[in-house]
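Listed below are the residues making up each chain.
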Amino acid sequence: RILYPMKRVGPRGSGKFERTTWNEVLDVFATQIRKALVEGRRTEVMYHVGRPGHDGYMDRVLQRWGVDGHNSHTNVCSGAARLGYALWSGADRPAPDHEHSKFMLLLSSHLETGHYFNPHAQRIIEGKMKGGKLAVCDIRLSNTASMADYWLAPRPGTEALMLLGFAHVLMRDGLVDWKFVEDWVDWRAYQRARGRSVDFASFRDDLARDYAEATPDRVAEACGLEASTIENVAREIGKAGAKFASHVWRNSAAGNEGGWAVARNLQFVSVLVGAVGS
């Protein structure tokens, strides 16, 4: 473990470093960063960290500097998914209760696939042992998918539409927890933004019409899935209701343009069945 700031004193790659002081570190870097900011060279400043653990502090600093230069493992892992969640709920990640769920839906490379999420894998298996069912959405027949009741391998980049197909079936088949939606969704602003009647009965009808095109047949054709699979998984989600647990991370969201919509649509499905904070 490096206990003190170290300064390279030999050629790059030589491994020759000597101990320095924090005062020198701050003077050197602060001077260079300030010069770049004063001279309007903001694109030359980048902050890189392996895995962020600063609770957003550095993001605020960079925004104050006018710098769009935050780079980390998160960019290619969870960044886009976090955005989709935050747009819905203000928080950038849910905490699904796999152990007590009746139906679990995992998208792409999942939490329990990672190198420090073993407890998630344990909770998922405990959920299955209690009778819960598992659906895994992954182009690979991963270790997790091999344990699933449903393996969904849609064409990469179509996962957001697949989720809208689930939402369509939930509304079509009367599987929505409308009391939860009425209490916790800002449906009034949704209606006003579209110049519609601001009453809940109208909202229910309007929402169904908004997603009328996401039929199982259309979604199946675009995603490369069977329409019956869309129907069956959606009904499993509806039957589970508040005991539906789900999550998306990594390639579905981070590996596709507009991948934030995957997390956003997944949260939409979760909200429709009241599976938020449950």
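Residues numbered from 1 in each chain as written. Predicted model: local features only at pLDDT ≥ 70, side-chain atom pairs only at ≥ 80, totals over all residues. Heavy atoms only, no water.

Let us look at the packing of aromatic side chains. Under the definition given, this model contains 10 aromatic pairs. Aromatic pair tryptophan 178 and phenylalanine 200: ring centres 6.0 Å apart, planes at 80°, arrangement edge-to-face. Taken together, the positions of tryptophan 178 in helix α6 (residues 178–184) and phenylalanine 200 in helix α8 (residues 200–210) put the pair 22 residues apart, joining distant regions of the chain. Judged on exposure class, the residue tryptophan 178 and its partner phenylalanine 200 are both buried. An aromatic cluster of at least three residues, connected via ring pairs, comprises Trp178, Trp187, Tyr190, Phe200 and Phe203. Here the guanidinium or amino end of arginine 19 rests over the ring plane of tyrosine 4, the centre of that ring lying 3.4 Å away. (Phe/Tyr/Trp six-rings, centres within 6.5 Å; stacked < 30°, edge-to-face > 60°. Helix = DSSP H or I, 4+ residues; strand = E, 2+ residues; numbered from the N terminus. Buried < 20%, exposed > 50% of the residue type's maximum accessible area, 1.4 Å probe, protein only. Lys NZ or Arg CZ within 6 Å of the ring centre and 35° of its normal.)

With 51 residues, the main nonpolar core has Leu105, Leu107, Met162, Leu163, Phe166, Ile237 and Phe244 as its most contacted residues. For this core, the element with the most residues is helix α5 (residues 159–172), which contributes nine residues. Discounting residues that sit within four places of it in the chain, leucine 105 has contacts with Ala135, Leu152, Leu163, Phe166, Ile237, Phe244, Ala245, Ser246, His247 and Leu266. (Core = buried A, V, L, I, M, F, W, Y, C linked by side-chain atoms within 4.5 Å. Contact = heavy atoms within 4.5 Å.)

Its volume calculated, the largest pocket comes out at about 700 Å³. In terms of lining residues, the largest pocket is bounded by 32 residues, among which Pro52, Asp59, His70, Thr74 and Arg82 are the most central. When residues of the lining of the largest pocket are traced back to their parent elements, those giving at least two are α2 (57–65), β4 (70–72) and α3 (79–89). Examining the composition of the lining of the largest pocket, we find that five residues originate from one element, α3, more than from any other. (1 Å grid on protein atoms, 1.4 Å probe; cavity = no way out; pocket = protein on both sides within 12 Å on 5 of 7 lines; lining within 4 Å. Points joined across faces, edges and corners; volume = space filled by probe spheres on them.)

As a further point, take the packing of helix α9 (residues 216–223) against helix α10 (residues 227–240). Viewed as axis vectors pointing N to C, α9 and α10 meet at an angle of 115°, and their least axial separation amounts to 8 Å. Note on packing geometry: the crossing formed by α9 with α10 is right-handed. Contacts from Pro216, Asp217, Val219 and Ala220 of α9 reach α10 at Ala227, Ile230 and Glu231. Considered class by class, the residues forming the contact of α9 with α10 number five nonpolar, no polar and two charged. (Axes fitted to C-alpha atoms, helices over the stretch in contact; angles between N-to-C directions. Left-handed = near helix turned anticlockwise from the far one by under 90°. Nonpolar A, V, L, I, M, F, W, Y, C, P; charged D, E, K, R; others polar.)

This next bit is on the pattern of salt bridges. Under the definition given, this model contains 19 salt bridges. For arginine 123, the salt bridge identified is with glutamate 99, shortest N-O distance 3.9 Å. Taken together, the residues span a long stretch of sequence, with arginine 123 in helix α4 (residues 118–129) and glutamate 99 in the loop between α3 and β5 (103–107) at a distance of 24 residues. Here glutamate 99 makes a salt bridge to lysine 130, at a shortest N to O gap of 3.1 Å. Within this pair, whereas glutamate 99 is found in the loop between α3 and β5, its partner lysine 130 is found in the loop between α4 and β6 (133–137), the two being separated by 31 residues in sequence. Judged by its relative accessible area of 53%, lysine 130 is exposed. By sharing partners, the salt bridges in this structure join Lys35, Glu39, Arg41 and Glu44 into a single network. (Salt bridge = Lys/Arg side-chain N within 4 Å of Asp/Glu carboxyl O.)

So, on to a nonpolar patch on the surface. Judged by side-chain polarity, Ile2, Leu3, Tyr4, Met6 and Phe17 come together as a nonpolar surface patch covering roughly 560 Å² of accessible area. A relative accessible area of 61% places leucine 3 in the exposed class. (Patch = residues over 30% accessible without salt bridge, like charges linked within 9 Å, V, L, I, M, F, W, Y side chains within 5 Å. Areas by Shrake-Rupley, 256 points an atom, 1.4 Å probe, with all protein chains shown as cover.)

If you trace the backbone, lysine 128 turns up in helix α4. Look at lysine 128 and you get partly exposed, because its relative accessible area is 22%. As a C-alpha pair, lysine 128 and methionine 104 span 24 residues in sequence and 9.1 Å in three-dimensional space. Beyond its immediate chain neighbours, meaning those up to four positions away, lysine 128 contacts Met104, Leu134, Met147 and Asp149. Reaching out from lysine 128, the side chain makes a polar contact with the backbone oxygen of methionine 147 at a distance of 3.2 Å. (Polar contact = N/O pair within 3.5 Å; in protein donor to acceptor, adjacent residues only side chain to side chain.)

Locating lysine 7 in the fold gives a position in strand β1 (residues 6–8). Between the C-alpha atoms of lysine 7 and valine 25, which are 18 residues apart in sequence, the distance is 8.7 Å. If near-sequence neighbours (up to four positions away) are discounted, lysine 7 is found in contact with Lys16, Phe17, Glu18, Thr20 and Glu24. Of note is the side chain of lysine 7, whose polar atom sits 2.9 Å from the side chain of glutamate 24.

What follows is about the sheet that holds β6. Strand order in the open sheet formed by four strands is β7-β6-β5-β8, with parallel pairing between adjacent strands. One side of each edge strand has no neighbouring strand; the edge strands of this open sheet are β7 (150–152) and β8 (244–248). Going across the sheet, the axis of each strand differs from the next one's by a mean of 10°, ignoring polarity. Running over the sheet, α4 touches β5 and β6 and is turned about 145° from β5. (Pairing = 2+ DSSP bridges.)

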